[in-house]
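Okay, here's what each chain looks like letter by letter:
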Amino acid sequence: GSSRVISGDSAYCARYGGREASRLAMHPLLLEITSRLQAAAEGSGARLTLLSGHDTVVAQLLAALDATGESERCGWPPYASRVVFEVWAPVRRDEGRTPALVVRALFNGVPQPLPGCSPGLELCPLRAFAQAVEARFSAQGGFERACAAKARL
């Protein structure tokens, strides 16, 4: 018979269900991350938070952020990979207005796109990112309904 060779990335992606499954699986974590970023930005949260996970979390988090591009491909991240979220306060240019806080996501030091933010921009308004994460499943009637619909497939 013929042998079929499946790349590690293809097998990995098939096992975890692709981008939509990753969006569902990582939604609670993204809500936690945005909550912690907002608390840190307001001065009521920790300035540094370290969350640790396996390659399965890193890959799904990147897919949930749409950092894998337009394809459904979800790649197996290299050993010791990391995803970093940073909150930045831009320098004030005029004293009458407080600048909007911005967030940046990095995968192994490389800036990544964020939901709710303009493509190609490295820095994204924190409020826009948080609102995009919170509203991600509103079209499906909320997170719980989207999960239930995926479970029926």
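Calculation criteria
- Residues numbered from 1 in each chain as written.
- Predicted model: local features only at pLDDT ≥ 70, side-chain atom pairs only at ≥ 80, totals over all residues.
- Heavy atoms only, no water.
- Helix = DSSP H or I, 4+ residues; strand = E, 2+ residues; numbered from the N terminus.
- Buried < 20%, exposed > 50% of the residue type's maximum accessible area, 1.4 Å probe, protein only.
- Polar contact = N/O pair within 3.5 Å; in protein donor to acceptor, adjacent residues only side chain to side chain.
- Disulfide = S-S within 2.5 Å.
- Arc of directions from axis to C-beta.
- Salt bridge = Lys/Arg side-chain N within 4 Å of Asp/Glu carboxyl O.
- Pairing = 2+ DSSP bridges.

A. Just the side chain of Ser81, in detail. Within the secondary structure layout, Ser81 lies in the loop between helix H3 (55–64) and strand S1 (83–88). For Ser81, a relative accessible area of 17% gives the class buried. Only 2.6 Å separates the side chain of Ser81 from the backbone oxygen of Pro78, close enough to count as a polar contact.

B. Main features of the state of the cysteines. If you walk through the whole model with that rule in mind, you get one disulfide. Two residues share a disulfide in this structure: Cys117 and Cys124, whose sulfurs sit 1.6 Å from each other. In this structure, the disulfide formed by Cys117 and Cys124 twists by about -55° around the S-S bond and is classed as left-handed. Take Cys117 and Cys124: they sit in the same class, and that class is buried.

C. H3, seen in detail. Of all ten residues that make up H3, seven are buried, and the element is covered over most of its length. Once H3 ends, the next one or two residues include Asp66, with phi positive near 65°.

D. Structural detail: helix H4 (residues 126–135). Every buried residue of H4 is listed here: Leu126, Phe129, Ala130 and Val133. Burial along H4 is one-sided: seen end-on, the buried residues are contained in an arc of 95°.

E. Spatial organisation of the pattern of salt bridges. The tally for this structure, following the rule as stated, stands at three salt bridges. As a salt-bridge pair, Arg104 and Glu86 come within 2.7 Å of each other at their nearest N and O atoms. Of the two residues, Arg104 sits in strand S2 (residues 102–107) while Glu86 sits in strand S1, which places them 18 residues apart along the sequence. Arg104 gets classed as buried once you look at its relative accessible area, which sits at 16%.

F. Quick look at the pairing of S2. Counting buried positions along S2 yields six of six residues, so the element is predominantly enclosed. Here S2 shows no split at all, with Val102, Arg104 and Leu106 on one side and Val103, Ala105 and Phe107 on the other all buried. Relative to S2, S1 runs antiparallel, the two sharing six bridges. For Phe85, the partnering residue across the bridge sits in S2 and is Ala105. Taken together, the two bridges between S2 and strand S4 (residues 124–125) define a ladder with antiparallel strand orientation. Bridging across to S4, Val102 finds its partner in Pro125. Strand direction decides the pairing type here: S2 and strand S3 (residues 110–112), joined by three bridges, are antiparallel. Bridge pairing links Ala105 to Gln112 in S3.

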